[in-house]
Structures are given as structure tokens and as C-alpha cells.
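Examination of the molecular architecture
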Amino acid sequence: MRRGLDRHVSDRVISDVEVLHPRAIRRHLPGAADFSTRLKGLPMVAAQRRGKYLWVELGEDLAMLAHLGMSGQMLVQPSGTPDEKHLRVRIRFADDGPELRFVDQRTFGGLALAEVVEKDGARLPEPIAHIARDPMDPDFDLDAAVRALRARKSEVKRALLDQTLVSGIGNIYADEALWRTRLHGTRPASGLTKALATELLKHATDVMHEALDQGGTSFDALYVNVNGQSGYFDRSLNAYGQENEPCGRCGTSIVREAFMNRSSFSCPVCQPKPRASRVSRGTARRPA
DNA sequence: CTTATGACCTGCAAGC
DNA sequence: TGCTTGCAGGTCATAA
């Protein structure tokens with residue numbers, strides 16, 4: 001999506017901004033009128049990304065920050081195209097070319113104007129200065145990420161999903177990386193060896209690269225690029241969403257477990273639960 | 001400081 | 001058919 005934005009909106013001057021749903025700019029505290037007024041007349045310079053956040057540089061240390069949440073889309077549409085049902089923000093350009101539309105069914109995503117600040121040698125919108133580099137970042141420090149992960153006193157899947165340790169990993173890629181590493185998500189992060197934690201992050205990186213090569217992971221029409229096309233990575237999933245499907249390694253049925261009000265998918269044989277196995281080995285007794 | 005929990009939304013599929 | 005329930009890819013404020 002960043003690439004698509006860069007290609008379609010860079011060097012174009014904003015002429016008009018329409019906020020059709022206030023919740024879409026809730027993170028922009030000065031409100032919709034301020035958001036629209038300040039954007040007007042500014043050039044979109046380049047599209048940037050860190051983790052799941054996307055932003056467009058507007059020059060002068062200002063950026064339009066975006067997060068797609070769970071259902072957000074950025075679409076480039078010829079003006080006159082009928083409004084999408086969940087169109088939240090429309091940005092028109094002075095060249096009268098295609099407009100940029102933020103469409104978001106569930107409104108978990110949103111846009112905001114933000115100051116660009118310097119943080120650890122990177123230029124970032126201030127509201128996301130706490131977000132860690134993602135594995136695609138040229139300056140990503142694998143050893144530092146491994147240290148951060150292993151310093152966590154929580155289950156490893158929680159740690160993987162913590163965007164302040166490593167960014168870009170969500171529920172799908174976490175489950176896939178854990179499957180590849182043969183780890184159950186409830187293993188304590190601090191209990192992983194350095195080698196295992198490194199392997200886990202390498203698998204996460206591989207998964208993301210493979211997904212990107214295929215245009216992203218899409219289950220339905222909600223997940224599309226700026227041209228409205230969806231990716232095909234969902235056809236390559238080994239764990240996520242594969243409940244009752246055979247594990248690609250051992251054939252055992254993949255199981256689904258509740259996790260933080262959502263789901264985790266894993267192979268019960270390849271990815272044994274830590275406590276259960278320890279308890280049964282150490283303390284299980286059979287009557288004589 | 002770290003870690004865990006619920007809230008924020010809409011739409012869809014499954015079950016009754 | 002129509003209602004209810006559960007679930008969905010994420011983040012953040014708040015509480016412990």
C-alpha cells in the first residue's frame with residue numbers, strides 16, 4: 001500500500017479534504033475542520049511506513065499519519081466514482097486527477113496530522129515514536145529485537161504482538177512464525193534460548209516477505225491495495241485460520257484456542273504447550 | 001516500570 | 001425467515 005501511495009499521490013498538491021466520519025480523525029485532536037484546513041494547499045511528498053503505520057510526508061516536518069486498523073483501505077479513485085459505503089475521508093488534488101479515499105468499515109483505523117520528529121536516527125511522526133523498527137527496515141537490529149523479546153515476562157505470542165519490541169507482526173504472522181519455529185504461543189518469552197528467539201524473528205521476517213511478494217494476506221474484499229486488488233498470501237497459511245485442517249508437517253489437525261479475545265491457531269503435536277508437557281512429565285502419576 | 005484487560009466499531013456467518 | 005450470538009486482521013486507556 002505504501003508503494004501504491006507513493007506512486008499515485010507523490011508530488012501532487014492537495015486541493016480539498018472532506019471528512020465524512022469524525023471517528024476517522026479522532027486521533028487528530030484539533031478536529032475535522034483543522035485537519036481539512038491545514039492539509040489544503042500542501043504537497044504530498046512521499047509515502048513512508050513503519051510497522052503497520054503509514055504516513056505521507058507533507059514537507060515542513062509535517063505528515064499525514066494513517067493506520068488501517070482492521071478494515072481500513074486507501075483507495076485511489078477517479079473523481080466521480082460513486083462513494084464507497086464506508087468512505088470516511090476524501091482527499092482531492094489540484095491536478096483534478098484521481099482522488100485519495102480512506103474507506104474503513106469498522107473505524108478502528110484513522111488519519112491524523114502529526115509533527116515529524118527525530119528518534120534513534122529515524123524521522124517519524126511524533127505519535128508513533130514509540131513504535132519499534134519492523135524487520136523490513138534497513139536499520140532493523142535483529143540482536144536488539146531478540147534481547148527485547150527475551151526480556152519480556154509474558155507469553156511469547158504477546159511479546160511478538162507488542163509493537164514496541166518489533167513492529168509489523170499481527171495475529172496472522174505471529175501464528176505463522178510460531179508454527180514455523182515449532183513453538184506454542186504460550187511459551188514464556190524469557191524462557192527462549194537466544195537461538196530460538198532469533199529463529200522465531202527470522203521466520204516472522206520470512207513470512208512477511210513472502211506475504212509482501214504475494215501482495216499481502218487477504219481474506220476478503222476489505223484488504224486491498226490502492227487499486228482495490230487483494231493479495232493471495234492467505235493461500236499459503238500453515239496455521240492461521242486452518243482449524244481442523246491437517247498440519248503441513250505432521251498431518252495432525254490444527255487447533256484453535258482463545259487468546260486475548262481472539263484466536264490462536266497451532267499444531268498440537270509440532271507446537272506442544274509448555275506447561276502441559278512439563279507437568280505430565282514431572283508429576284503425572286498412574287495408579288498402580 | 002511492566003503486564004493484563006476491556007473498550008472501541010460494523011458486518012457477516014452460524015445456530016436456534 | 002428472523003433473531004441472537006460470536007467472531008474478525010489492532011491499538012490504546014486504564015488498572016493492577
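Residues numbered from 1 in each chain as written. Chains lettered and ligands numbered in written order. Predicted model: local features only at pLDDT ≥ 70, side-chain atom pairs only at ≥ 80, totals over all residues. Heavy atoms only, no water.

Axes are the key here: two packed helices are described by the angle between their axes and the distance separating the axes. The interhelical angle for the contact between helix α5 (residues 171-181) and helix α6 (residues 194-213), taken along N-to-C directions, is 125°, at an axis separation of 8 Å. Accordingly, the angle class assigned to the pair α5 and α6 is oblique. Handedness of the α5/α6 crossing: right-handed. Contacts between α5 and α6 pair Y173, E176, A177, L178, R180 and T181 from the former with L196, E199, L200, H203, A204, D206, V207, M208, E210 and A211 from the latter. Residue composition of the contact of α5 with α6, by class: 9 nonpolar, 2 polar and 5 charged. (Axes fitted to C-alpha atoms, helices over the stretch in contact; angles between N-to-C directions. Helix = DSSP H or I, 4+ residues; strand = E, 2+ residues; numbered from the N terminus. Parallel < 35°, antiparallel > 145°, perpendicular 65-115°, else oblique. Left-handed = near helix turned anticlockwise from the far one by under 90°. Contact = heavy atoms within 4.5 Å. Nonpolar A, V, L, I, M, F, W, Y, C, P; charged D, E, K, R; others polar.)

With that settled, the discussion passes to the pairing of strand β10 (residues 122-125). Bridging between strand β9 (residues 110-119) and β10 involves 4 bridges; their strand directions are antiparallel. The residue of β10 that forms the bridge with V116 is P125. Linking β9 back to β10 in an antiparallel pair, the connection comprises 2 residues, with D120 at a positive phi of about 50°. (Pairing = 2+ DSSP bridges.)

Another aspect to go through is the protein's contact with DNA strand B. Residues in contact with DNA strand B, as listed here, are R23, K85, H86, Q105, R106, T107, F108, R152, K153, S154 and R158. Atoms of DNA strand B within 4 Å of the protein: sugar and phosphate make up 71%, bases the balance. Here a phosphate oxygen of DNA strand B and a side-chain polar atom of K85 are 3.2 Å apart. Within the side chain of R152, one N or O atom sits 2.6 Å away from a phosphate oxygen of DNA strand B. Considered class by class, the residues forming the surface near DNA strand B number 1 nonpolar, 4 polar and 6 charged. (Near = heavy atom within 4 Å. Polar contact = N/O pair within 3.5 Å; in protein donor to acceptor, adjacent residues only side chain to side chain.)

Overall, antiparallel pairing links the 5 strands, which are arranged β2-β1-β7-β8-β6 in an open sheet. Strands at the two margins of the open sheet, each flanked by one partner only, are β2 (43-44) and β6 (72-77). Bridge analysis of strand β1 (residues 12-19) against strand β7 (residues 87-93) gives 5 bridges, and the strand direction is antiparallel. Its bridge partner lying in β7, V17 is registered against I91. Where helix α2 (residues 32-39) meets the sheet, it contacts β1 and β7, and its direction lies at approximately 165° from that of β1.

Running from N to C, helix α3 (residues 142-150) and α6 point in directions that differ by 115°, and their axes come no closer than 9 Å. In terms of axis orientation, α3 runs roughly perpendicular to α6. Handedness of the crossing formed by α3 with α6: right-handed. On α6, the residues touching L142, A145, V146, L149 and R150 of α3 are K194, A197, T198, L200, L201 and K202.

Moving on, we come to the layout of surface pockets. In this structure, the second largest pocket occupies an estimated 270 Å³ of space. Broken down by element, the lining of the second largest pocket gets its largest block of residues, 3 residues, from α3. Of the residues that constitute the lining of the second largest pocket, the class distribution is 8 nonpolar, 2 polar and 6 charged. (1 Å grid on protein atoms, 1.4 Å probe; cavity = no way out; pocket = protein on both sides within 12 Å on 5 of 7 lines; lining within 4 Å. Points joined across faces, edges and corners; volume = space filled by probe spheres on them.)

What follows deals with the domain arrangement of chain A. It is common to report an interface's size as the accessible area lost on association of the parts. Split into domains, chain A comes out as domain 1 (2-128) and domain 2 (158-280). Measuring from the centre of the C-alpha atoms in domain 1 to the corresponding centre in domain 2 gives 30 Å. (Domains from an automatic or database assignment.)

Let's shift gears to the nonpolar core. If you look at the biggest cluster of nonpolar residues, it comprises 37 residues, and the most contacted ones within it are L149, L160, I169, Y173, L200 and L201. Counting residues per element, this core draws most heavily on α6, which supplies 7 residues. (Core = buried A, V, L, I, M, F, W, Y, C linked by side-chain atoms within 4.5 Å. Buried < 20%, exposed > 50% of the residue type's maximum accessible area, 1.4 Å probe, protein only.)

With respect to the helices and strands, the residue H8 is situated in helix α1 (residues 2-9). On a C-alpha basis, the gap between H8 and V226 in space is 8.6 Å, while along the polypeptide they are 218 residues apart.

Turning next to the environment of G41. With respect to the helices, strands and loops of the structure, G41 is situated in the loop between α2 and β2. Residues within four places of G41 in sequence aside, it is in contact with V13 and I14.

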